[in-house]
Amino acid sequence: MKSIERFFSELETSLNNSTFRKLVVSNKKNKDQDIIKVSIRIVELKNGTRLSFNYRYREKDIEKNFSFSNGIKEAGSLLKEMFYDATLFTVKEEIYFTGKGKKGKITTVPASLERKISKEHNRAKKRLIDIEGNIYLKELGILDGKFKIKKNMQDKYRQIEKFVEIADSLIKESGLKSPLKIADMGCGKGYLTFALYDHINNTLSIDVEMEGVELRKEIVDSCNEVAKKARFDKLVFKQGTINDFETGSVDILIALHACDTATDDAIIKGIKSNSGIIICAPCCHKQVRKEMDITKELMPVLKHGILAERGSEILTDGIRALILELHGYKTKVFEFISSHHTAKNIMITAVKSERTPDKEKIMEEIALIKNFFGIKFHYLEEYLR
Ligand SMILES: C[S@@+](CC[C@H](N)C(=O)[O-])C[C@H]1O[C@@H](n2cnc3c(N)ncnc32)[C@H](O)[C@@H]1O
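Residue indices follow the written sequence of each chain, beginning from 1 at its first position. For a predicted model such as this one, the threshold for reporting local features is a pLDDT of at least 70, and the threshold for listing and counting side-chain atom pairs is 80 or more; totals across whole chains, interfaces and linings nevertheless cover every residue. Think of the side-chain values as coming from all heavy atoms in the structure, minus any hydrogens and water.

*Asks:* Could you give me a rundown of the site of the ligand, with the residues and numbers involved?
*Replies:* Being near a molecule or strand, for a residue, means having at least one of its heavy atoms within 4 Å of it. Around the ligand, the structure places 13 residues, and the nearest of them are Gly 186, Glu 214, Arg 216, Ile 242 and Leu 256. A distance of 2.9 Å separates a nitrogen atom of the ligand from a polar atom in the backbone of Gly 186. Using the Shrake-Rupley algorithm and a 1.4 Å probe, accessible areas are obtained, with residue cover drawn only from the displayed protein chains. Calculation on the ligand without its partners gives an accessible area of 600 Å², and the protein chains cover 81% of this total. Per-class residue counts for the shell around the ligand are six nonpolar, five polar and two charged. Under the rule applied, a polar contact is a pair of N or O atoms within 3.5 Å (in protein, one hydrogen donor and one hydrogen acceptor; residues adjacent in sequence only if both atoms are side-chain atoms). Residues are grouped as follows: Ala, Val, Leu, Ile, Met, Phe, Trp, Tyr, Cys and Pro are nonpolar; Asp, Glu, Lys and Arg are charged; every other residue, Gly included, is polar.

What follows is the structure in structure tokens.
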């Protein structure tokens, strides 16, 4: 049997015995073709179970649904006319076919994520990060040996899921297209890094290259081990400081809970690399707190240490958002998770906008605020100069 026939026989078997997860047809034959790839999954519609084809073009996505038999024919035509390669993801295996060469070739490897299939159209909405057979969540200690969320990790899981939900909507808002290059600055154990990579790569079917940057070598080594186990080939962790990290150009830059001015270092990298999206959740705000020269009018309120601390948080993050706007970003500042889970729950998101900012006005606003609170030096502003 020819390798292409074997591949289609595997496809039919996986559909018949319900082990099919998804099929991706890629590597276009004619590089000038506008289409990038086609991802096929099962959907349960009112009129029955169908194969849903997502045709990804440079500027748009088109969805079409087929019966199983017509879907198999459509996949056959795509491989004959437009693409060299196809990958069939089943519950147990990943089967790669390439039509390059005289006879074509098939390679089979065990599934990177042993997940049960779901035919529910809306399943992704119910749980953004699938936990069934999720290797990295188990390795990171969020799941137990039976792939259940550990009791003491429920909050962490919710935080991860919320973060992915926010990133997902920002990606859609930004219009950024595949492939995406992402840098996670001060990634720690990589909970968010792994989850975002998984979501973009496996749920959104967008090609992604991701780097996590972290000071502590032992964490970096263990994250790279986990990435290998999960077979996340394009996720790499590097040891170093945010400041020294060479980002090149990135599409999305993340910095969650990086201490004090490390958040500013990350924002600087994001702005300088013209990142389409910047997401940060600041940690402590010591730099501005030390700079604040509280006027006698404000002293009766800010004489209380905690209120001065909160004040410095508001000022630091407010000025950060203004500086991002100055550089052409549309910003939002909000509580991304309930303060019940963590006190460090403020998030700043910035999406590159096509509108030209009114720089003069924003600079005047920043100067007035700084002047009012006696702030002579704001780290982010200074190091962006
Ligand atoms: C509080 S953890 C947050 C980890 C992760 N981003 C999260 O939110 O789950 C902050 C991490 O940033 C790292 N870090 C702090 N300053 C850094 C710097 N300047 N460069 C690189 N990593 C840094 C720390 O070692 C730590 O692991």
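Read on for the rest.
*Asks:* Explain the pattern of salt bridges to me, using residue names and the numbers behind them.
*Replies:* The salt bridge definition used is simple: a Lys or Arg side-chain nitrogen within 4 Å of an Asp or Glu carboxyl oxygen. Taken as a whole and judged by the stated rule, the model has 15 salt bridges. Asp 207 is paired through a salt bridge with Lys 37; the nearest N and O atoms lie 3.6 Å apart. Of the two residues, Asp 207 sits in the loop between α6 (191-203) and β9 (208-214) while Lys 37 sits in strand β2 (residues 35-45), which places them 170 residues apart along the sequence. Judged by its relative accessible area of 8%, Lys 37 falls in the buried class. Between Asp 317 and Arg 320 there is a salt bridge, and its shortest N-O distance comes to 2.8 Å. Placement of both Asp 317 and Arg 320 in helix α11 (residues 305-326) is noted, with a separation of three residues, approximately one turn of the helix. A single burial state applies to Asp 317 and to Arg 320, both of which are buried. Starting at the N terminus, helices and strands are each numbered in turn, a helix being any DSSP run of H or I of at least four residues and a strand any DSSP run of E of at least two. Partly exposed residues are those whose accessible area sits between 20% and 50% of the maximum for their type, while under 20% is buried and over 50% is exposed, using a 1.4 Å probe and protein chains only.

*Asks:* Just give me the short version of the packing of aromatic side chains, but keep the residues and values in it.
*Replies:* Two numbers describe a pair of aromatic rings. These are the distance of the centres and the angle of the planes. When two rings of Phe, Tyr or Trp (its six-membered ring) have centres within 6.5 Å they constitute a pair, described as stacked for plane angles under 30 degrees, edge-to-face for angles over 60, and tilted for the intermediate range. For the coordinates displayed, the defined rule picks out 12 aromatic pairs. Look at Phe 7 and Phe 97: their rings are 5.6 Å apart centre to centre, the planes differ by 35 degrees, and that puts the pair in the tilted class. With Phe 7 in helix α1 (residues 3-16) and Phe 97 in strand β6 (residues 93-98), this pair connects stretches of sequence that are 90 residues apart. Since its relative accessible area comes to 0%, Phe 7 is described here as buried. Judged by relative accessible area, which is 5%, Phe 97 ranks as buried. Note on criteria: charge over ring means Lys NZ or Arg CZ within 6 Å of the ring centre, with the direction from the centre no more than 35 degrees off the ring normal. Lys 22 extends its terminal NZ or CZ atom over the ring of Phe 89, reaching a point 4.9 Å from the ring centre.

*Asks:* Tell me about the sheet that holds strand β3 (residues 48-57), and please be specific about residues and values.
*Replies:* Each pair of strands is called paired provided DSSP finds at least two bridges between the two strands. Read from one edge of the open sheet, seven strands run β4-β3-β2-β1-β5-β6-β7, paired in antiparallel fashion. Edge positions in the open sheet fall to β4 (61-66) and β7 (105-110), since each of these has one partner strand only. The average angle at which neighbouring strand axes cross in this sheet is 15 degrees, direction not considered. Direction of pairing for β3 relative to β4: antiparallel, over a ladder of six bridges. What sits directly across from Phe 53, in β4, is Lys 64. Axis lines are fitted through C-alpha atoms, for helices just across the contact stretch, and the angle between N-to-C directions can take any value from 0 to 180 degrees.

*Asks:* Which residues make up the confidence of the model for the chain, and what values go with them?
*Replies:* On average, residues of the chain score 88 in pLDDT, and 94% of them are at 70 or above. Each residue carries a pLDDT score, the predictor's own confidence in it, on a scale running from 0 to 100. The secondary structure element of the chain with the lowest average pLDDT is helix α3 (residues 123-126), at 46, and the one with the highest is strand β10 (residues 235-239), at 97. Any two residues whose heavy atoms approach within 4.5 Å are treated as being in contact. The low-confidence segment residues 114-125 (pLDDT under 50) makes 31 contacts with residues lying over four places distant or belonging to another chain.

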